[in-house]
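# Chain and residue survey
Each chain, letter by letter, is given below.
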Amino acid sequence: MFVVTVLSVIVFVLMLTLWATKRQKKKSINPIPGPDPLPVIGSLHLLGEHETPFEAFTALSKIYGDIFSITMGSTPCVVVNNFDLIKEVLITKGGDFGGRPDFMRFHKLFGGNRNNSLALCDWSVLQKTRRSIARTYCSPRFTSLQYAAVNTVGSNELEAFMGELQKFPVNKPVDIKPVVLGACANMFMQYMCSTRFSYEDKDFKKLVRDFDEIFWEINQGYAVDFLPWLLPMYSKHMNKLSQWAADIREFILARIVQDHINTLDYHAPPRDFTDALLIHLQEDPNMEWQHIIFELEDFIGGHSAIGNLVMMILASVVKYPRVAKKIQEEVDNVTQGKRYVNMFDKAAMPYTEAVLWETLRKSSSPIVPHVATTDTEIQGSPIKRGTMVFLNNYDLNLSAQYWDEPEKFMPERFLSSTGNVVKPAHFIPFSTGKRTCIGQRLVQCFSFIIVSTLLQNYNLSAASEVKLKPGCVAVPPDCFKLILTPRHINPN
Ligand code: HEM
């Protein structure tokens, strides 16, 4: 009897070991379904069949399910397509997915090392510190002194902005993007660096253009990102990226940072974000000169994102005159035509805010891909370290599963029956979790006053149809022109 029992135990243990080994083997061959990759290019050809990669991801999810694997070149990737999966990657397992893609273009833009960049670096203790320094300045709370400061610099710049627009011929198509970007850049410069520049300053104009080129660039995808052996064919392009970055650095050091260093009182409270970074450099042995300069550049560069968003809002305004009319009704009502709008008016102008959200929903800017920094899993499916994860918020923003008539531009969908702004939980244009966008409050504040003031003073129309690239929150540096017709309201 004893022998039988021992034998049974041995057989049981053996079977258990066999089962565990089989399970382990099964795990290692990645059970997540997906298209079979071709040699060399993987499944890149499948993306080429659609206008944007995210449309391709949505189409593939209909075949393979809400989570599927895909090989880009030789990089193993996973695409997650519903809100629960996206939350698992960004929130529940945010710590496992804190890496970013290792694209050569990203290195070129950030002094040879993408970890210099806040948005494109892998998660690290340094990144935690950099985010916390930035939070006070870039995520000001509504009732804080910082919010009041944002309001002051924004309001001050509006007058100069309007002055520039008045220089354009009326009723003729004009390129207002450089002026919109110039206004955003000056708002950022005043807020973060306590300085501003003339719209005529040729070096400032070049700086604004370089930042805009970079913003367009990082919103594009290239085959070389996944096929690095194509690099020699891109050498001219890569040199252009490095040159933009070098020119930006030269301007920021000579025209902003030097003066701060000369006048900084290390014992007084920081005058602005630039001071805060310089003080941190002195106090924190883990911070280096490169870290703070790249951080400053990254945040100043945030103005391009806002300028581009403003252009996208204006594209909807000219396409849907009813939208323009409603914003004008709100701004006229709040200001009575007697003053410019300010950031404290936002609460009384919910429709205008809703237009911002609807623009972000329709444009559906992709969330920067995340990368697994450890072996982990998503809903029980194993994910190997180094796997790139695409969060398909394009589907989240444009699927009938989440929205009524998702193809329609309807800002009203963000308004409650009592007229307040409401955003569903699954709407995450700035992402969520530990790498969520730090600049989202600045985006809301500055884009709000710029769009409202433009429409307070002008009726806008387009000379020809304005087409935007889907799944992209950038418009090309040279983009559509607009016709400005003054409304003959003098707010001052
Ligand atoms: C239209 C405007 C903007 C949109 C739609 C946007 C959206 C996003 C998204 C989706 C991410 C990725 C988050 C993730 O990977 O989970 C991000 C990251 C980031 N954004 Fe924004 N953003 C905008 C403007 C700005 C501005 C104006 C700033 C700075 C003032 C800024 C600073 C950052 C930074 C630093 C990160 C990286 C955070 C990290 O990886 O730890 N963004 N943004």
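Please refer to the structure placed before this passage.
In short, a report on the structure. Just so it is clear, the model here is predicted, and its values are computed rather than measured.

## Section: helix α11 (residues 273-283)
Listed as buried for α11 are Phe273, Thr274, Asp275, Ala276, Leu277, Leu278 and Ile279. Residues of α11 that are buried in the fold lie against α6 (125-138), α8 (177-193), α10 (235-263) and α12 (289-319). For α11, the side-chain oxygen to backbone nitrogen distance between the N-cap and Thr274 is 3.2 Å, and the N-cap itself is Asp272.

## Some thoughts on the side chain of Glu213
With respect to the helices, strands and loops of the structure, Glu213 is situated in helix α9 (residues 202-218). Apart from the residues within four sequence positions on either side, Glu213 is in contact with Trp244 and Pro477.

## A few points about the coordination of the iron atom of the ligand
One donor from the polypeptide reaches the iron atom of the ligand: Cys437 (SG), at 2.3 Å. Tracing the backbone shows Cys437 in the loop between α15 (393-398) and α16 (440-457).

## Some thoughts on unusual backbone geometry
Despite not being glycine, Val40 shows a phi value in the positive range, around 70 degrees. In this structure, Val40 sits in the loop between α1 (2-28) and α2 (44-47). Taking the relative accessible area as the measure of exposure, Val40 reaches 53% and is therefore exposed. Notably, Glu405 is not glycine yet its phi reads approximately 40 degrees, a positive angle. Residue classification places Glu405 among the partly exposed residues on the basis of a relative accessible area of 39%.

## Some thoughts on the environment of Leu356
If you trace the backbone, Leu356 turns up in helix α14 (residues 350-363). When its relative accessible area of 5% is taken as the criterion, Leu356 is described as buried. For the pair Leu356 and Phe448, spaced 92 residues apart in sequence, the C-alpha to C-alpha distance is 7.8 Å. Other than its neighbours up to four places away in sequence, Leu356 contacts Leu309, Ile313, Gln444 and Ser447.

## With respect to α12
With 31 residues, α12 should reach 45 Å at 1.5 Å per residue; the first-to-last C-alpha distance of 47 Å fits that figure. With 25 of 31 residues buried, α12 lies mostly within the body of the structure.

## Topic: the pairing of strand β7 (residues 388-391)
Across a regular strand the side chains alternate sides, sitting on one face of the sheet and then on the other. Of the two faces of β7, the one holding Met388 and Phe390 and the one holding Val389 and Leu391 are both buried throughout. With four bridges joining them, strand β2 (residues 75-80) and β7 adopt parallel strand pairing. If you follow Val78 over to β7, its bridge partner there is Val389. Judged from the two bridges that link them, strand β4 (residues 370-371) and β7 form a sheet pairing that is antiparallel. When the bridges of β7 are listed, His370 appears paired with Val389.

Calculation rules
- Residues numbered from 1 in each chain as written.
- Predicted model: local features only at pLDDT ≥ 70, side-chain atom pairs only at ≥ 80, totals over all residues.
- Heavy atoms only, no water.
- Buried < 20%, exposed > 50% of the residue type's maximum accessible area, 1.4 Å probe, protein only.
- Helix = DSSP H or I, 4+ residues; strand = E, 2+ residues; numbered from the N terminus.
- Contact = heavy atoms within 4.5 Å.
- Polar contact = N/O pair within 3.5 Å; in protein donor to acceptor, adjacent residues only side chain to side chain.
- Donors = N, O, S within 2.8 Å, 3.2 Å for Na, K, Ca; no water.
- Expected span 1.5 Å × (residues − 1).
- Pairing = 2+ DSSP bridges.

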